[in-house]
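Spelled out, the chains give:
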Amino acid sequence: MNQMTAPPKFGIGAPVRRVEDAALVTGRGRYVDDIVPAGVLAMTVVRSQVAHARITLGGLDAARAAPGVHMVLTSADLEGYGGVPCKAIMKQANGTPVVPPYRPLLCGEIVKHVGDAVAAVVADTLAAAEAAAELIEIEYDTLPAVIDTVGALDPGAPLAWPERGTNLAFEYAFGDKGKTEAAFARAAKVARLEVINNRLVCNYMEPRGCIAEYDAGTERWTLTVGTQGGHGMRGILAGDILNVDPSRIRIITPDVGGGFGPKMPVYREYPIAMIAAERLGKPVKWKCGRMEHFVADAQGRDNVTTAELALDADGKFLALRVDLIAAAGAYFHQFGPFIPWVGATMSTGVYDIPALEVRVRGTFSNTVPVDAYRGAGRPEAAYVLERLVEEAARVAGVSPVEIRHRNFIRPEQMPYTTQTGRMYDTGEFSGHLDRALDEADVAGFEARVAESAARGLYRGLGLASYVEACAFPGSERAELSIDPDGTLTLFIGTQTNGQGHATAYAQLIADHLGVDISKIKVVQGDTDAVKTGGGTGGSRSIPLGMPSIDVASRALVEKIKAAAADKLETSPADLELVGGEVRIVGTDRSVSLATLAAAMPAADRTTEGEVKQTECTYPNGTHIVEVEIDPETGVTSFDRYTIVDDFGVTVNPILLAGQVHGGVVQSIGQAILENTLYDADGQLITASLLDYALPRADDVPSIHFETRNVPSTTNAMGIKGAGEAGTIGATPAVMNAVADALRRGAGVTRIDMPATPLAVWAAIRAAGAAQG
């Protein structure tokens, strides 16, 4: 009989249950809206109901005189402060930097999209503030609005920013045009595809909110706010908007109900609340409503892409050409211009493509600005490429599996530098594809097609093999201390939004220090307590945080052993840390960590670690999906979903599965349900959860997930990052399955996201009509 090895209790690879969950599932979580400082006032924001107009405000005196009102702010009251900045000043194809238009805290003369902020009202209660806000009259001199991402470039299209003379927001170029043209000229076959990557509204469970407090004695603000990292936010608030030293601002982040990218930027409500708190001498609280979220928070995706792939007679890829148009919205959001840029750098994916030409254009429109949303450009790139590879297989007359095997970058080619300069360190792409094929029983697919057909259903198979860039170069400082009672405290500037940082970090510390995980406290979300921090985004928290924690833990172990060696009159080399004690190996002589810590000088009880990473990590994997479509209703259902991923090293398989599952569900939402629609006047039609469909439990399949890890050589612990990977592989796999089912069952040749029941039903009917 085979011997089964028990999984480790703590340390790398241990399936430690989340320590955060007990509080969260029993209602003891502490979010922004749970915090009520004494004397706190409520703030509401008055927003434009028109997409593009000159405005005049009236009724301000009546609003200021309304019961319970303490302050009404307009743009005239905010002179001297900076606007909301864009921090992604990318270099364009012509060598010039991107030039952001000015985005004021409150609009004074012109509004640029529905939801643009024009005034703020502060009152004793939210009801009083909202009642006073109703007294403010906005007179609109409506201007022509431009809405369509691609149509914004049409000659004669209305201009979102007339003074710029164009709706072209930025233009980037990648690759070698001449080399690519030559490859296409000698190609035996060319596959071509146009795809839409639909715009999304994030809809995290907890809408944004903030509480601003000002201490006149110290001349400092405390801003309690749900963020993805307070240090970067503090720097922007201080340096770009309030024009003060960063030391005058403390950012506190309590529990956060989801971030996904849109909670990383600075939004105008935060500095407005801080200004109001300073002037009034009282705490000011703002909480975003669910419907307000649809027009106040950055939206995601919204690309239209045409791509072509040149193939030789054997189905080998010769060159890739991509023309991408990305929505910027009415303004550049904090990282907006960076998102399509970074996506374009991943254009060639897992394939050995020797020539590339990419053109990226961003367009202004009178819509909510677009910024990072889970994956941030990389899901968009993978979606285009994996849909195109399916088309290339059809053009070449080979299977989708075979064309991938022929064109994958091989392990012996690693490290491999792509046409955009990305350096893949490790990866065995055929390995995870083959494992996924076996687990998904693709060999039995045709029999299942026949069984579905007997029930009047279309069945389709879709796969996607992806690679992403994440954990971008940098570092995350960790500070670890042992307290006099023997407990341990970690200070680190990443920011959990529900991922389980306190569990992952603590299990590594527990393994080094020989203590139970309950003896470890993880401190994040306080810029006074944590010296520096890069926050959470780009799947960086585990790959960059863990190596620094590892260094700090090892250093603290050495200090503890040195102190214990003196106490036990032995060599540090003869000591081990087990069960909250330091023990001489092979004996019963020991001393407790609490006893040692109480006697250690304060300086010896703290260590630091900061490991710098010079290259991204590149997680990769394969998703395989089978769907059934009911041609009578257009409803898509999932029969099976298989994922085999390479994340380098698995820190905690429970946390890892949760991250992957969550990303897949978000992508299922994008693929078959979610869509952000504006009418011709710029009104958001899908402006609430009555009109915007999110995935529900019965939309989500059971997911088989496993890893086939190849450790990274660019990360100190071999970790590749996983927070966004589910979103990157899922959308193309799902849509390839939907497209396969529709092509097999009804002869449909094109379907875009979202493949809603109505869209699918209409495509089936249109194909039937075309076939006569």
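Refer to the structure above for everything that follows.
### Quick look at the layout of surface pockets
1) Next: When its volume is computed, the second largest pocket comes out at roughly 690 Å³.
2) Next: Lining the second largest pocket are 24 residues, with Val-45, Val-46, Arg-47, Gln-49 and Glu-134 positioned closest to its centre.
3) Next: In terms of residues, the lining of the second largest pocket owes the most to one element, strand 1 (residues 41-47), which gives five residues.
4) Next: Of the residues contributing to the lining of the second largest pocket, the split by class is 13 nonpolar, six polar and five charged.

### Things to note about the packing of aromatic side chains
1) Next: If you walk through the whole model with that rule in mind, you get 15 aromatic pairs.
2) Next: Between Phe-317 and Tyr-351 the ring centres are 5.5 Å apart and the planes differ by 70°, which places this aromatic pair in the edge-to-face class. Taken together, the positions of Phe-317 in strand 14 (residues 317-329) and Tyr-351 in the loop between helix 8 (338-344) and strand 15 (356-364) put the pair 34 residues apart, joining distant regions of the chain.
3) Next: A relative accessible area of 3% places Phe-317 in the buried class.
4) Next: In this structure Tyr-351 comes out as buried when scored by relative accessible area, which is 0%.
5) Next: With a centroid separation of 5.0 Å and 55° between ring planes, the pair formed by Tyr-424 and Tyr-618 is classed as tilted. Taken together, the positions of Tyr-424 in strand 17 (residues 423-424) and Tyr-618 in the loop between strand 25 (606-609) and strand 26 (620-629) put the pair 194 residues apart, joining distant regions of the chain.
6) Next: Each residue in the set Phe-170, Tyr-172, Phe-332 and Phe-364 is aromatic and connected to the rest through ring pairs, giving one cluster.
7) Next: Above the plane of the ring of Tyr-267 lies Arg-208, whose end atom (NZ or CZ) is 3.6 Å from the centre.
8) Next: The ring of Tyr-204 carries Lys-263 above its face, with NZ or CZ at 4.3 Å from the centroid.

### Here's the deal with the nonpolar core
1) Next: If you look at the biggest cluster of nonpolar residues, it comprises 130 residues, and the most contacted ones within it are Val-121, Leu-309, Phe-317, Val-734 and Leu-742.
2) Next: If we ignore the near neighbours within four places in the chain, the residues touching Phe-317 are Leu-309, Ala-310, Leu-311, Tyr-351, Asp-352, Ile-353, Pro-354, Val-389, Ala-392, Ile-403 and Asn-407.

### Side note on the sheet that holds strand 24 (residues 590-592)
1) Next: An order of 22-23-24 is seen for the three strands of this open sheet, with the pairing classed as antiparallel. Here the strands that pair on one side only, and so sit at the sheet edges, are strand 22 (575-578) and strand 24. Neighbour-to-neighbour, the strand axes of this sheet turn through a mean angle of 20°, independent of strand direction.
2) Next: In the sheet, strand 22 pairs with strand 23 (residues 581-584) via four bridges, with the strands oriented antiparallel. The residue of strand 23 that forms the bridge with Leu-575 is Ile-584.
3) Next: Contacting strand 22, strand 23 and strand 24, helix 14 (residues 541-568) crosses the sheet at an angle of about 115° to strand 22.

### Notes on the sheet that holds strand 4 (residues 110-111)
1) Next: Strand order in this open sheet of three strands is 4-2-6, and the pairing throughout is antiparallel. Only two strands of the sheet have a single partner each, and these edge strands are strand 4 and strand 6 (137-142).
2) Next: Inspection of the sheet shows strand 2 (residues 53-58) paired to strand 4 by two bridges, in the antiparallel sense. Following the sheet pairing, Arg-54 is matched in strand 4 by Ile-110.

### With respect to empty space enclosed by the protein
1) Next: Using the criterion set out here, one finds four cavities of 30 Å³ or more in the structure.
2) Next: What the largest cavity holds in volume is close to 140 Å³.
3) Next: Val-322, Leu-324, Gly-343, Ser-347 and Ala-381 are the residues nearest the centre of the largest cavity, which is lined by 16 residues in total.
4) Next: Counting only elements with at least two residues in the lining of the largest cavity, the list comes to strand 13 (300-311), strand 14, helix 8 and helix 9 (378-396).
5) Next: Partitioning the lining of the largest cavity into residue classes produces 10 nonpolar, five polar and one charged.
6) Next: Its boundaries defined by the atoms lining it, the second largest cavity holds a volume of some 90 Å³.
7) Next: Lining the second largest cavity we find Arg-301, Asn-303, Ala-326, Ala-327, Ala-328, Gly-336, Ile-339, Pro-340, Val-370, Asp-371 and Glu-380.

### Thoughts on helix 4 (residues 177-185)
1) Next: Residues of helix 4 that are buried include every one of Thr-180, Ala-183 and Phe-184, and no others. Projected onto a plane normal to the axis of helix 4, the buried residues spread over an arc of 100° and lie on a single side.
2) Next: The secondary structure elements touched by the buried residues of helix 4 are strand 8 (189-200), strand 13, strand 14 and strand 15.
3) Next: Put simply, Asp-176 is the residue that caps the front of helix 4, since its side-chain oxygen is 3.1 Å from the backbone nitrogen of Gly-178.

Conventions used here
Residues numbered from 1 in each chain as written. Predicted model: local features only at pLDDT ≥ 70, side-chain atom pairs only at ≥ 80, totals over all residues. Heavy atoms only, no water. 1 Å grid on protein atoms, 1.4 Å probe; cavity = no way out; pocket = protein on both sides within 12 Å on 5 of 7 lines; lining within 4 Å. Points joined across faces, edges and corners; volume = space filled by probe spheres on them. Helix = DSSP H or I, 4+ residues; strand = E, 2+ residues; numbered from the N terminus. Nonpolar A, V, L, I, M, F, W, Y, C, P; charged D, E, K, R; others polar. Phe/Tyr/Trp six-rings, centres within 6.5 Å; stacked < 30°, edge-to-face > 60°. Buried < 20%, exposed > 50% of the residue type's maximum accessible area, 1.4 Å probe, protein only. Lys NZ or Arg CZ within 6 Å of the ring centre and 35° of its normal. Core = buried A, V, L, I, M, F, W, Y, C linked by side-chain atoms within 4.5 Å. Contact = heavy atoms within 4.5 Å. Pairing = 2+ DSSP bridges. Axes fitted to C-alpha atoms, helices over the stretch in contact; angles between N-to-C directions. Arc of directions from axis to C-beta. Polar contact = N/O pair within 3.5 Å; in protein donor to acceptor, adjacent residues only side chain to side chain.

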